[in-house]
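Listed below, chain by chain, are the residues.
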Amino acid sequence: MSIQQENISKLVERRAKARLGGGEKRIEAQHQKGKYTARERIAMLLDEGSFEEYDMFVQHRCTNFGMDKQHFDGDGVVTGCGTIGGRLVYVFAQDFTVTGGSLSKTMSEKICKVMDMAVRNGAPCIGLNDSGGARIQEGIDALAGYAEIFERNILASGVIPQISGIFGPCAGGAVYSPALTDFTLMVKNTSYMFLTGPAVVKSVIGEEVTQEELGGASVHATKSGVAHFAADSEEEGIATIKALLSFLPQNNTEEAPRVPTNDPYNRVDDALNSIIPDNPNKPYDMYAVIGSIVDDGAFLEVHKGFAKNIIVGFAHMNGRSVGIVANQPSMLAGALDINASRKGARFVRFCDAFNIPIVTLVDVPGFLCGTHQEYGAIISNGAKLLYAYGEATVPKVTVTLRKSYGGAHIVMSCKQLRGDINYAWPSANIAVMGADGAVNVLYAKDMKAAETPDEAKAIFEAKKKEYEDLFSNPYQAAQKGYIDDVIEPRNTRFRVIRALEQLSAKKLDLPAKKHDNLPL
Ligand code: HXC
């Protein structure tokens, strides 16, 4: 064998060894837990043959606790770039088979390298997390490594889409990298995220709780809202990340790709003309409206299990990517509460940062009231959604279907928050509050002074009718130009698409500032 041939076979051998990470036994153990390895995940994620790996031979530099005798090429993370649907992405996947995927200083350097490349080259960065946290043997160096990643997450925020997949443990301060990214996806039963694990929780506050109860996918996708997606399996998780990317631009200077569609832009849906019940207190399903107006009824919902009184997610309309925000009358009557406001605000801000037009479907009776909401700062949290809409400069098309009352009317992308095109259905009801509440405030004294309950009831009914005649329609708002047009529900798809086409070259700036001071 020539020297060159020998060199080449050494390379091939070393690559093969590096690809085995922590070795076959640990790979087997990973599979036994129902989990894939970092390389298997990357293979599922990227277009076949597109993966370009970096730093395969990087090794840690730690000598404490016998680490000088333990070296693995690649050091517990697989990094590089590739394509998804032909579009460039950068990726890092922690390899649990190497010291439990724990983060060393060198691992952080590998991760930072691909994050920097992603920003420089204007492509999304996807992190697949599966790690025991800071590599204990490295002490402060591991913490410094985390901080370097966090700083990059912050600087890349609003510049490139950042997506975190949680495919195993993610504990301690490590949770803050996913929390700083745009979307976090967890896999049910095999992933968890918490600041402090069950053992520490028990010793500090005496609370007994399992890993799943404390920080499993079901908790974060429903109660805390930390996870935007909860997948049943790793395959589903990877497919969701790919689907999500198909709606997003590569970076904040680009538009999301337009996709061909066979769904006619002027398709009408007669069913929408009768979807609103005659009884204003009766709910209907907002998903039916969304499904009717978007291309092929396809909707990728974000935060599906969290704050279900507001629906947010991505769809295409005439091939154009849009963010949909819609009140859900069949959950808490569609009222805005703390979680709905946070959920909506985060989504609106994402769309605005990445040039995705926002279509808002309004049926909101107001903000949820009571001590629970007030003590939890519904004021500041509601202000987040208000702020997000008011600040957004992307095209904003709003359709009011039914109720739009009070502060919630303003918050849900009203005209004066620089809503571009605001439509209303004939069933719209845009007012300071609902008729019952209004009459009870305005005519309380008259009803109290009535001599009989029947007389009080008659006053109530008469005044309610007067109020409804005046306000329970969209025409007061339309007469003043606060609504641009009252449209037939069946034409909603066509009208929204035409508005979006019209707004496709919209330009609107914010005043110069260092940064805003969003109410946090
Ligand atoms: C070094 C680690 C490690 C860590 C796991 N390993 N976590 N090595 N540093 N943090 C190693 C194990 O020694 C083992 O090595 C291998 O990874 C697999 O771990 P197991 O324990 O055998 O796996 P499993 O039973 O599945 O348990 C996984 C685990 C557990 C729950 C994650 O390993 C664990 O509790 N690890 C410690 C978690 C932790 O406290 N991390 C620090 C958090 S604080 P061998 O050689 O046997 O295969 C933190 C601060 C971040 O992260 C701050 C950022 C700002």
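Higher on the page you've got the structure.
Note that this is a predicted model, so its numbers are computed, not measured.

A. Main features of the nonpolar core. Core analysis: the largest hydrophobic core is formed by 54 residues, its most contacted members being I126, L248, F314, V325 and L336. Residue contributions to this core peak at 6 residues, all from helix α12 (residues 338–353). Those residues in contact with V325, other than ones at most four positions away along the chain, are I310, I311, V312, F347, V348, I358, V359, T360, L361, Y389 and M412.

B. Here's a closer look at the layout of surface pockets. Space inside the largest pocket adds up to approximately 1,600 Å³. Lining the largest pocket are 47 residues, and of these S157, A179, R346, R349 and L518 lie nearest its centre. Secondary structure elements with two or more residues in the lining of the largest pocket: α5 (140–156), α6 (176–180), β7 (183–187), β8 (192–194), α9 (217–224), α12 and α14 (378–391). Top contributing element to the lining of the largest pocket by residue count: α12, with 9 residues. Classifying every residue of the lining of the largest pocket gives 23 nonpolar, 15 polar and 9 charged.

C. Representation of the pattern of salt bridges within the structure. Across all of its chains, the model carries 30 salt bridges by this definition. K415 is the partner of D484 in a salt bridge, and the nearest nitrogen-oxygen pair spans 2.6 Å. Of this pair, D484 sits in the loop between α19 (475–479) and β17 (485–486) while K415 sits in the loop between α15 (406–411) and β15 (421–424); the two residues are 69 residues apart in sequence, bridging distant segments of the chain. A salt bridge links E488 to R490; the shortest N-O distance between them is 3.9 Å.

D. Main features of the packing of aromatic side chains. Inspection of the entire model under this criterion finds 11 aromatic pairs. The interplanar angle of 45 degrees and the centroid separation of 6.3 Å between the aromatic rings of F183 and F229 together place this pair among those described as tilted. One end of the pair, F183, is in strand β7; the other, F229, is in strand β9 (residues 229–231), and 46 residues separate them in sequence. Geometrically, the ring pair formed by F350 and F354 is tilted, given 4.9 Å between the ring centres and 35 degrees between the ring planes. Exposure remark for F354: the relative accessible area of 1% places this residue in the buried category. Grouping aromatic residues by their ring pairs yields a cluster made of F183, F229, F247, F314, F347, F350 and F354.

E. Up close: the environment of D484. The exposure class assigned to D484 is partly exposed, which follows from its relative accessible area of 38%. Taking the C-alpha atoms as reference points, D484 and V439, 45 residues apart in sequence, are found 29 Å from one another. Ignoring any residue separated from it by four or fewer positions in sequence, one finds D484 in contact with K415, D420, I421 and N422. Side-chain polar atoms of D484 contact the side chain of K415, separated by 2.6 Å.

F. Inspection of the side chain of Q250 at higher detail. Along the chain, Q250 turns up in the loop between α10 (234–245) and α11 (286–293). Take Q250: its relative accessible area is 11%, and that puts it in the buried class. At a separation of 3.4 Å, a polar atom in the side chain of Q250 contacts the side chain of R87. Polar contacts involving the side chain of Q250 include one to the main-chain carbonyl oxygen of L88, which spans 2.9 Å.

The rules behind these values
- Residues numbered from 1 in each chain as written.
- Predicted model: local features only at pLDDT ≥ 70, side-chain atom pairs only at ≥ 80, totals over all residues.
- Heavy atoms only, no water.
- Core = buried A, V, L, I, M, F, W, Y, C linked by side-chain atoms within 4.5 Å.
- Buried < 20%, exposed > 50% of the residue type's maximum accessible area, 1.4 Å probe, protein only.
- Helix = DSSP H or I, 4+ residues; strand = E, 2+ residues; numbered from the N terminus.
- Contact = heavy atoms within 4.5 Å.
- 1 Å grid on protein atoms, 1.4 Å probe; cavity = no way out; pocket = protein on both sides within 12 Å on 5 of 7 lines; lining within 4 Å.
- Points joined across faces, edges and corners; volume = space filled by probe spheres on them.
- Nonpolar A, V, L, I, M, F, W, Y, C, P; charged D, E, K, R; others polar.
- Salt bridge = Lys/Arg side-chain N within 4 Å of Asp/Glu carboxyl O.
- Phe/Tyr/Trp six-rings, centres within 6.5 Å; stacked < 30°, edge-to-face > 60°.
- Polar contact = N/O pair within 3.5 Å; in protein donor to acceptor, adjacent residues only side chain to side chain.

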